Amino acid sequence: MKMERNMLHTLVVFLLMPLSCRLQEHERSSQDVCGELKQLRELVYQQAAALSEIKVKMVYMEKEKADEGEQLKAVKSELESIKKLNAVRPKVAFSAGLPAGQRGPFNAETTLIYSKVISNIGGAYNPFTGVFTAPVKGAYYIRFTAAAYSSNSHNMGVHLYKNSQHLMHLGEYDKDGTARHVSGALVLELEVGDAVYLRLVTNYALYDDTMLRNTFSGFLIFPS
């Protein structure tokens, strides 16, 4: 009887040994699967984070592109406005010089006629009267030069006028050598029809040659 129990125990152990091995193998397989799943989860998290970062960058790039598009649109609009303004903006500019020879001295103030026209854009300067007449209301830049040569017996200088209003005097009084030069400029706000011109002072003298020493110039800065 004892022998039979021992044989039965041996048989049970023999039968259970493969099952135990299979359980151990299944346990190791489960651990491997868990490890692989953990790695997959980590990979998914990493990819999700990378994808989220890419989405943020794409949103930023799209916004930046939209901003650049708006800026480009604004620049184009400004350029179109400038083109339209330039198309309708009056073009006024002139520059003229005295003919060669001496002017003066005269016993009364005399309007200087700058008949050597260098430019007369818009035709607002009259080379026969020496008068510039503003064609539009606006701000104008007016400039002039004056010169004398071997005229120490006479002072040299000019008066600048707006209509009948004396605006500026510029000249030299002392004997200081063979050649004397002065220059001046003003920004004037002129109405339509305002006249600007230069006059030679009584008993003063100017001299010019081919060098354009005496000039009268002006241009429209902007209309108003």
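Refer to the structure above for everything that follows.
Residues numbered from 1 in each chain as written. Predicted model: local features only at pLDDT ≥ 70, side-chain atom pairs only at ≥ 80, totals over all residues. Heavy atoms only, no water.

**Q** Looking at this structure, how should I read the packing of aromatic side chains?
**A** Centre-to-centre distance and the angle between the planes together describe a pair of aromatic rings. If you walk through the whole model with that rule in mind, you get eight aromatic pairs. Where phenylalanine 94 meets phenylalanine 216, the ring centres are 5.1 Å apart and the plane angle is 80°; that geometry is what we call edge-to-face. One end of the pair, phenylalanine 94, is in strand β1 (residues 93-97); the other, phenylalanine 216, is in strand β13 (residues 215-223), and 122 residues separate them in sequence. On the accessibility criterion, phenylalanine 94 (3% relative accessible area) is buried. (Phe/Tyr/Trp six-rings, centres within 6.5 Å; stacked < 30°, edge-to-face > 60°. Helix = DSSP H or I, 4+ residues; strand = E, 2+ residues; numbered from the N terminus. Buried < 20%, exposed > 50% of the residue type's maximum accessible area, 1.4 Å probe, protein only.)

**Q** How do you make sense of the environment of leucine 112 when you look at a structure like this?
**A** With respect to the helices and strands, the residue leucine 112 is situated in the loop between β3 (110-111) and β4 (116-121). The class for leucine 112 is buried, based on a relative accessible area of 3%. Along the sequence, leucine 112 and arginine 199 sit 87 residues apart, while their C-alpha atoms lie 5.3 Å from each other. Once residues within four sequence positions are removed from consideration, leucine 112 is found in contact with Leu98, Thr129, Gly130, Val158, Leu198, Arg199, Leu200 and Leu206. (Contact = heavy atoms within 4.5 Å.)

**Q** Would you mind showing me how to read the environment of proline 135 here?
**A** Position of proline 135 relative to the elements: it lies in the loop between β6 (131-133) and β7 (138-149). In this structure the C-alpha to C-alpha distance between proline 135 and glycine 123, which are 12 residues apart in sequence, comes to 9.1 Å. Aside from chain neighbours lying at most four places away, what touches proline 135 is Val92, Ala124, Tyr140 and Val192.

**Q** Help me understand a nonpolar patch on the surface in this model?
**A** Together, Leu51, Ile54 and Met58 line one region of the surface with nonpolar side chains, adding up to about 280 Å² of accessible area. Mapped onto the fold, methionine 58 is located in helix α1 (residues 2-88). (Patch = residues over 30% accessible without salt bridge, like charges linked within 9 Å, V, L, I, M, F, W, Y side chains within 5 Å. Areas by Shrake-Rupley, 256 points an atom, 1.4 Å probe, with all protein chains shown as cover. Salt bridge = Lys/Arg side-chain N within 4 Å of Asp/Glu carboxyl O.)

**Q** So what exactly am I meant to see when it comes to the pairing of β7 here?
**A** Put simply, side chains in a regular strand alternate between the two faces of the sheet. Burial runs high along β7: nine of the 12 residues are buried. Where β7 lies against β13, eight bridges are found, and the strand directions are antiparallel. By the bridge assignment for β13, tyrosine 141 is matched with phenylalanine 219. (Pairing = 2+ DSSP bridges.)

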